[in-house]
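So you can see what is in the structure, the chains are spelled out below.
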Amino acid sequence: MLTLAIETSCDETSCGVIKNGREVLSNIISSQIDIHREYGGVVPEIASRKHIENINIIIEEALSEAGTDFKDLDFISVTQGPGLIGALLVGLASAKAIAYGLDIPLVGVNHIEGHICANFIEHKDLEPPFTCLVVSGGHTYLLDVEDYAQYRLFGRTRDDAAGEAFDKVARAMGLPYPGGPVIDSLAVEGDGSKIHFPRVFLEDDSYDFSFSGLKTAVLNYLNQSKQRGEEPVIADVAAGFQEAVLEVLVEKTFRLAKQNGRDKIAIAGGVAANAGLRKALKERGVKEGIKVYYPSPVLCTDNAAMIGSAGYFNYIKGKRSPLDLRVDPNLAFIDMQPPVIGGIKL
Ligand code: KG4
Ligand code: ZN
């Protein structure tokens, strides 16, 4: 089964050709990061316009690199949401036109599900069930992947997403956008034990996250240093902040894996590219006898291949989207039923 996948939910125009959900024949990513960096974050209107300029070129490149033609395609996979409305519209309009023109099925994909499926591309042996931590720029979810295209949600952020916290803290430290990768490399040079930032675990049995208090603690630290006329050691602040985020992410992920009796953990989303997070999970995994999976960095951040993988696993389960499918900037996770833990509905 060959699918052409299209992803335009934020600031990457990406198209790829994916075979049977796991084999990437092409995965072209045109990033707009350099344009948005000037503004300190993604400007939605600029993102939409750039997608329009790029989309046809990227589709053609994806087909030609894969050595395929439109006629070889079995169905089209496209990100329906969540994301920026104008940006999503460009991808969905193109996907509909191609599906209609070729008279082949269209499969709308949830962007978050795409991030999870990046693991199936990277690790050919990975099969559900496993615990998954999704940490992207806009979302933080802790869930159980019960089967292909079947998920059970246990926790999510109550305020900022993990990546959002990295980006906001980096901005306050005067670092460029996106802040995550910059903090990641600075943290290696710094000493995380120099500044102790709060670890927010919430209620004892909660799998939810909260990062806004930590973000405020870092901002307060920076302001107080300034007031005292001291220059904060940026690498130590980065290391202290990152350690505080990672400790909570790692602890809750392992706790859920153990509760569900899972011997595999996968991570997904842009923050899954974080070297500190990957190392911390691997080390804990060795101790606990749990295998840890993560995609290579290029498959962690936004890309079309992951959308093609999620599209495939939904397609073989019978999913077909109508040609009047609408984008949904706040698309909820498909089939994600809040579980009941200790009588409290999450
Ligand atoms: O998944 P993604 O590409 O886009 C969304 O769907 O949101 O994630 C982008 C986020 C940004 O917040 C970026 O700062 C963060 O992922 N990120 C990182 C790293 N690389 C990207 N955060 C921490 N460490 C990294 N190495
Ligand atoms: Zn994403």
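Check the entry above for the structure.
Rules used in this analysis
- Residues numbered from 1 in each chain as written.
- Chains lettered and ligands numbered in written order.
- Predicted model: local features only at pLDDT ≥ 70, side-chain atom pairs only at ≥ 80, totals over all residues.
- Heavy atoms only, no water.
- Donors = N, O, S within 2.8 Å, 3.2 Å for Na, K, Ca; no water.
- Tetrahedral: all angles 85-135°; square planar, octahedral: opposite > 155°, others 65-115°.
- Helix = DSSP H or I, 4+ residues; strand = E, 2+ residues; numbered from the N terminus.
- Buried < 20%, exposed > 50% of the residue type's maximum accessible area, 1.4 Å probe, protein only.
- Near = heavy atom within 4 Å.
- Areas by Shrake-Rupley, 256 points an atom, 1.4 Å probe, with all protein chains shown as cover.
- 1 Å grid on protein atoms, 1.4 Å probe; cavity = no way out; pocket = protein on both sides within 12 Å on 5 of 7 lines; lining within 4 Å.
- Sits in = over half its atoms within 2 Å of the grid points.
- Nonpolar A, V, L, I, M, F, W, Y, C, P; charged D, E, K, R; others polar.
- Pairing = 2+ DSSP bridges.
- Axes fitted to C-alpha atoms, helices over the stretch in contact; angles between N-to-C directions.
- Phe/Tyr/Trp six-rings, centres within 6.5 Å; stacked < 30°, edge-to-face > 60°.
- Lys NZ or Arg CZ within 6 Å of the ring centre and 35° of its normal.
- Points joined across faces, edges and corners; volume = space filled by probe spheres on them.
- Salt bridge = Lys/Arg side-chain N within 4 Å of Asp/Glu carboxyl O.
- Disulfide = S-S within 2.5 Å.

> Explain the coordination of the zinc ion (ligand 2) here, please?
For a metal bound by four donors in a tetrahedral arrangement, the ideal donor-metal-donor angle is 109.5 degrees, while six donors in an octahedral arrangement ideally sit at 90 or 180 degrees. Taken together, the protein ligands of the zinc ion (ligand 2) are His111 (NE2), His115 (NE2) and Asp302 (OD), with distances of 2.0 to 2.1 Å. Bound by 4 donor atoms, the zinc ion (ligand 2) shows angles of 95 to 131 degrees at the metal and therefore tetrahedral coordination geometry. In the primary structure, the donors to the zinc ion (ligand 2) are separated according to the pattern H-x3-H-x186-D. Placement of the pair is His115 in helix α4 (residues 111–122) and Asp302 in the loop between α10 (297–300) and α11 (304–315), with a sequence separation of 187 residues. Each member of the pair, His115 as well as Asp302, carries the same accessibility label: buried.

> Is there a simple way to think about the site of ligand 1 in this case?
Close to ligand 1 lie 19 residues, the nearest being Gly137, Asp167, Asp184, Gly270 and Asn274. Relative to its unbound accessible surface of 550 Å², ligand 1 loses 88% to contact with the protein. Placement of ligand 1 is best described as lying within the largest pocket. Among the elements of the structure, α4, α5 (162–172) and α6 (179–189) are those that each provide at least two residues to the shell around ligand 1. Of the residues in the shell around ligand 1, the class split is 5 nonpolar, 11 polar and 3 charged.

> Any chance you could explain the sheet that holds strand β2 (residues 12–19) here in plain terms?
The strands making up a sheet associate through backbone hydrogen bonding, with each pair oriented either parallel or antiparallel. The strand order β3-β2-β1-β4-β5 describes an open sheet built from 5 strands, whose pairing is mixed. Sheet topology places β3 (23–31) and β5 (106–110) at the edges, where each strand pairs with a single neighbour. This sheet shows a mean twist of 20 degrees between the axes of neighbouring strands, independent of strand direction. As paired strands, strand β4 (residues 75–81) and β5 are joined by 5 bridges and run parallel to one another.

> Where do I start with the packing of aromatic side chains in this structure?
Here a ring pair, both rings aromatic, is described through the centre-centre distance and the interplanar angle of the planes. The full count for this structure, using the stated rule, is 10 aromatic pairs. Here Phe209 and Phe211 contribute two aromatic rings whose centre-to-centre distance is 6.0 Å and whose plane-to-plane angle is 10 degrees, an arrangement assigned as stacked. Given a relative accessible area of 0%, Phe209 falls into the buried group. Seen in terms of ring centroids, Tyr312 and Phe313 are 5.1 Å apart; in terms of plane orientation they differ by 75 degrees. Their pairing is edge-to-face. Taken individually, Tyr312 and Phe313 each receive the classification buried, so the pair is uniform in this respect. An aromatic cluster of at least three residues, connected via ring pairs, comprises Phe120, Phe130, Tyr148, Tyr312 and Phe313. Across from the ring centre of Phe209, 5.7 Å away, lies the NZ or CZ of Lys252, which sits over that ring. One cation-aromatic arrangement involves Arg320 over Tyr315; the distance from NZ or CZ to the ring centre is 3.8 Å.

> Sorry, what's going on with the pairing of β2 here?
Remember that side chains alternate between the two faces of the sheet whenever the strand is regular. For β2, a buried count of 7 out of 8 residues is recorded, marking the element as mostly surrounded by other parts of the structure. Here 6 bridges tie strand β1 (residues 2–7) to β2, and the two strands are oriented antiparallel to one another. What sits directly across from Ile6, in β2, is Cys15. If you look at the hairpin formed by β1 and β2, you'll find 4 residues sitting between the two strands. Of the strand pairs in this sheet, β2 and β3 are connected by 8 bridges, and their pairing is antiparallel. Note on β3: the bridge partner recorded for Cys15 is Ile28. The hairpin formed by β2 and β3 contains 3 residues between the paired strands, and Asn20 there has a positive phi angle of roughly 50 degrees.

> Please explain the layout of surface pockets as it appears in this structure.
The method is simple in principle: a probe with the dimensions of a water molecule rolls over the atoms, and the space it marks as empty is what remains. The computed volume of the largest pocket comes to approximately 1300 Å³. Broken down by secondary-structure element, the contributors of at least two residues to the lining of the largest pocket are α4, β8 (150–156), α5 and α6. A class-by-class count of the residues in the lining of the largest pocket yields 23 nonpolar, 17 polar and 9 charged. The calculated volume of the second largest pocket comes to roughly 240 Å³. Lining of the second largest pocket is provided by Asp184, Ala187, Val188, Gln242, Val250, Ala275, Gly276, Lys279, Ala280, Glu283, Arg284 and Lys287. Secondary-structure elements contributing two or more residues to the lining of the second largest pocket are α6, α8 (234–259) and α9 (275–288). For the lining of the second largest pocket, the element with the most residues is α9, which contributes 7 residues. In terms of residue class, the lining of the second largest pocket is made up of 5 nonpolar, 2 polar and 5 charged.

> I would appreciate a short explanation of the pattern of salt bridges in the present structure.
Note on pairing: side chains with opposite charge can pair once their charged atoms come close. Tallied over the full model, the rule gives 22 salt bridges. Each of the salt bridges in this network shares a partner with another, and the network as a whole consists of Asp160, Glu164, Lys168 and Lys215.

> Honestly, the state of the cysteines in this entry has me stumped. Any pointers?
Simply put, the disulfide is a covalent bond whose two ends are the sulfur atoms of two cysteines. Considering all chains together, one arrives at 0 disulfides under this definition. Counting only cysteine sulfurs, Cys15 is the nearest neighbor of Cys10, a cysteine outside any disulfide, at a range of 16 Å.

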